[in-house]
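# Report on the structure
What follows is each chain in one-letter form.
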Amino acid sequence: MKRIHALLLICAFMFGAACLHAAPAQSATVIKIAGMKPEGVPETIVMHRFGEILEKLSNGKYKVEVYPNSTLGKEDAYIANTRKGVIKMCATGTQTSSLQASMGMLETPMLFDSYEHAHKAMNGKTFELIHKGFPEKSGLRMINAFPLGFRNFYTKNEVKSINDIKGLRMRVPNIPLYTNFAKECGISGQPMPFAEVPAALDQGVIDGGDSPLGDIVADKMYEKCPVVTQTRHILVIHGLYINEKFYQGLPAQDRAWFDQAAKESAEECWANAIAIDDKAAKEVIAHKGRVLEPTPELKKFMKEAGERSWTLFTDPKSKNYVPNAKEILDSAAAYK
Ligand code: G3P
C-alpha cells in the first residue's frame with residue numbers, strides 16, 4: 001500500500017512539474033521610450049538605465065525598448081504620440097513648454113551656478129512649482145529631471161565678445177525661451193530641431209550654435225566648429241515623461257517601480273555630469289578643437305542678457321507668462 005502511495009505521489013509531482021513547464025511564460029509588458037539624442041549622451045544613457053532598473057525591480061514584468069536619436073520621429077511628433085498613449089514614454093526637454101509655459105523655466109537662462117545648485121532645485125520645490133498642473137493639462141507626467149549639460153557656443157572662430165557671433169547664422173532650438181534669449185543677446189538665431197543640426201552644419205546652412213559638450217561631441221560639431229566657448233548660459237534639463245492615464249492606471253506596486261527606476265537613473269546622471277563634460281572636452285581637444293573660457297566681458301554680457309530674458313516668464317503681457325514665475329525664481333535662488 002505504502003508503495004502505491006509513493007508511486008501516486010511521484011506521478012502527481014511529475015504531472016505538476018510537467019504542467020508548470022508547459023505553462024506559457026507570462027509575456028512582459030513592453031514599454032517604448034522615444035528620445036531625441038544619439039547613443040552615449042545623458043538622455044539616452046538614462047533611458048537605458050531606467051529600462052534596466054525597471055526590468056530588474058519588476059522581475060521582468062516590464063521590458064523597456066529604447067528608441068533614441070529621433071527614430072520614432074522628431075520631438076514634437078513623439079511627444080504628441082506619448083500624450084495620445086500610442087507610446088507610453090518619451091524623453092525630452094523644454095519642448096513641453098508649448099503645453100504649459102512653466103515647463104520652459106526648467107531651462108531658465110543663467111539660473112543655475114553649478115550642477116549641485118540645479119540638482120537641489122530639481123529634487124526640491126523648484127521642480128514641484130514648475131511641474132504643478134502639468135499632468136492634468138498635458139496628459140503627460142515628468143517622472144524625473146536630469147542634466148544634459150550647460151550650453152556653450154560652438155563656432156569656427158574664437159568668441160571674445162558677443163559681437164563675434166552677431167551676424168553669424170547660429171542654430172537655436174525652436175522653443176520660445178531660446179529664441180527669446182537669442183534676441184536678448186542680439187543674435188538672429190536659426191530655429192531648427194536638434195536632429196537637423198549635423199546636416200545643417202555639413203551643408204553650411206548654419207555657422208554654429210550652442211549645445212552641451214556631450215552633444216557637441218556626439219554629433220561631431222567640432223569638425224565644422226572647432227572652437228567651444230564655455231559660457232554655460234543654459235543648463236539643459238531633460239526628463240522622462242510618461243502618459244498620465246497609463247501611469248495612474250498602474251497598480252500601486254508597479255507605479256512605485258517606475259518611480260524608483262526614474263529616480264535612480266536620474267541620480268546616476270547627476271553624479272556623472274561633471275565627468276561627462278570633462279570627457280567630452282578632452283575629446284574636442286583630441287580632435288584638434290579648442291575649449292575656451294569666456295572673457296570677463298562675454299561672461300558679464302551673458303549674465304545680464306540671461307536675467308533680462310526672464311521677463312518672458314514674469315511679464316503678464318508675455319505669451320509665455322507663468323503666474324508663479326517669481327515663486328519659481330525665488331525658490332531656485334534659495335538653493336544656491
Ligand atoms: O530641453 C530643450 C533642449 O533639448 C533644446 O535644445 O539643442 O537639444 O534641441 P536641443
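What you are looking at is a predicted structure, and each value in this text was computed from that prediction instead of being measured. (Residues numbered from 1 in each chain as written. Predicted model: local features only at pLDDT ≥ 70, side-chain atom pairs only at ≥ 80, totals over all residues. Heavy atoms only, no water.)

Here the focus is the overall build of the protein chain. Secondary structure assignment for the protein chain yields 14 helices and 11 strands. Its C-alpha atoms give the protein chain principal-axis dimensions of roughly 100 × 45 × 35 Å. Across the 336 residues that make up the protein chain, the buried fraction comes to 51%. For the protein chain, restricting intrachain contacts to residue pairs at least 6 apart in sequence, the fraction spanning at least 24 positions comes to 76%. Only carbon and sulfur atoms are counted for the fraction: they give 56% of the accessible area of the protein chain, which is about 16200 Å². (Helix = DSSP H or I, 4+ residues; strand = E, 2+ residues; numbered from the N terminus. Buried < 20%, exposed > 50% of the residue type's maximum accessible area, 1.4 Å probe, protein only. Contact = heavy atoms within 4.5 Å. Areas by Shrake-Rupley, 256 points an atom, 1.4 Å probe, with all protein chains shown as cover.)

Quick look at the site of the ligand now. Taken together, 13 residues lie around the ligand, and K37, E107, R151, R171 and H238 are the ones closest in. T94 places a main-chain nitrogen or oxygen 2.9 Å from an oxygen atom of the ligand. One of the side-chain nitrogen or oxygen atoms of E107 is found 2.6 Å away from an oxygen atom of the ligand. Of the residues contributing to the shell around the ligand, the split by class is 5 nonpolar, 4 polar and 4 charged. (Near = heavy atom within 4 Å. Polar contact = N/O pair within 3.5 Å; in protein donor to acceptor, adjacent residues only side chain to side chain. Nonpolar A, V, L, I, M, F, W, Y, C, P; charged D, E, K, R; others polar.)

For N59, which is not a glycine, the phi torsion comes out positive at approximately 55°. Residue placement: N59 occurs in the loop between α2 (42-57) and β2 (62-67). Judged by relative accessible area, which is 75%, N59 ranks as exposed. Even without being a glycine, K220 presents a positive backbone phi close to 50°. On the basis of relative accessibility, which here comes to 44%, the residue K220 falls in the partly exposed class.

Time to look at the side chain of E244. Residue placement: E244 occurs in helix α10 (residues 244-249). Once residues within four sequence positions are removed from consideration, E244 is found in contact with P135, G139, L140 and R141.

This next bit is on the environment of Q95. Along the chain, Q95 turns up in the loop between β3 (89-92) and α4 (115-122). Setting aside residues no more than four positions away along its own chain, Q95 makes contact with M36, E75, D76, I79 and I175.

Moving on, we get to the packing of aromatic side chains. Evaluation of the coordinates by the stated rule reveals 5 aromatic pairs. Plain terms: the ring middles of Y115 and F150 are 5.0 Å apart, the flat faces sit at 55° to each other, and that makes the pair tilted. Here Y115, found in helix α4, pairs with F150, found in strand β5 (residues 146-155); they are 35 residues apart in sequence, far enough to count as distant. Note on Y115: relative accessible area 10%, which makes it buried. An aromatic cluster is defined as three or more aromatic residues linked by ring pairs; in this entry it consists of F50, Y62, F246 and F258. A cation over an aromatic ring shows up here: K37 above the ring of F194, its NZ or CZ 3.3 Å from the ring centre. Its end group placed over the ring of Y247, R255 keeps NZ or CZ at 5.9 Å from the ring centre. (Phe/Tyr/Trp six-rings, centres within 6.5 Å; stacked < 30°, edge-to-face > 60°. Lys NZ or Arg CZ within 6 Å of the ring centre and 35° of its normal.)

Here we come to the confidence of the model for the protein chain. Chain-level statistics for the protein chain give a pLDDT mean of 94 and a share of 93% at 70 or above. pLDDT under 50 marks residues 15-24. Its contacts with residues more than four places away, or in other chains, come to 0 contacts. (pLDDT = per-residue confidence, 0-100.)

Within the structure shown, the criterion is met by 0 disulfides. C90 takes part in no disulfide bond, and the closest cysteine sulfur to it belongs to C269, at a distance of 16 Å. By relative accessible area, C269 is classed as buried at 7%. (Disulfide = S-S within 2.5 Å.)

Turning our eyes to something else, we now look at the environment of L177. Residue placement: L177 occurs in helix α7 (residues 176-185). The class of L177 is buried, set by a relative accessible area of 3%. Considered as a pair, L177 and L312 are 135 residues apart in the sequence and their alpha carbons are 7.3 Å apart. Apart from the residues within four sequence positions on either side, L177 is in contact with T94, G104, E107, P109, I234, L312 and F313.

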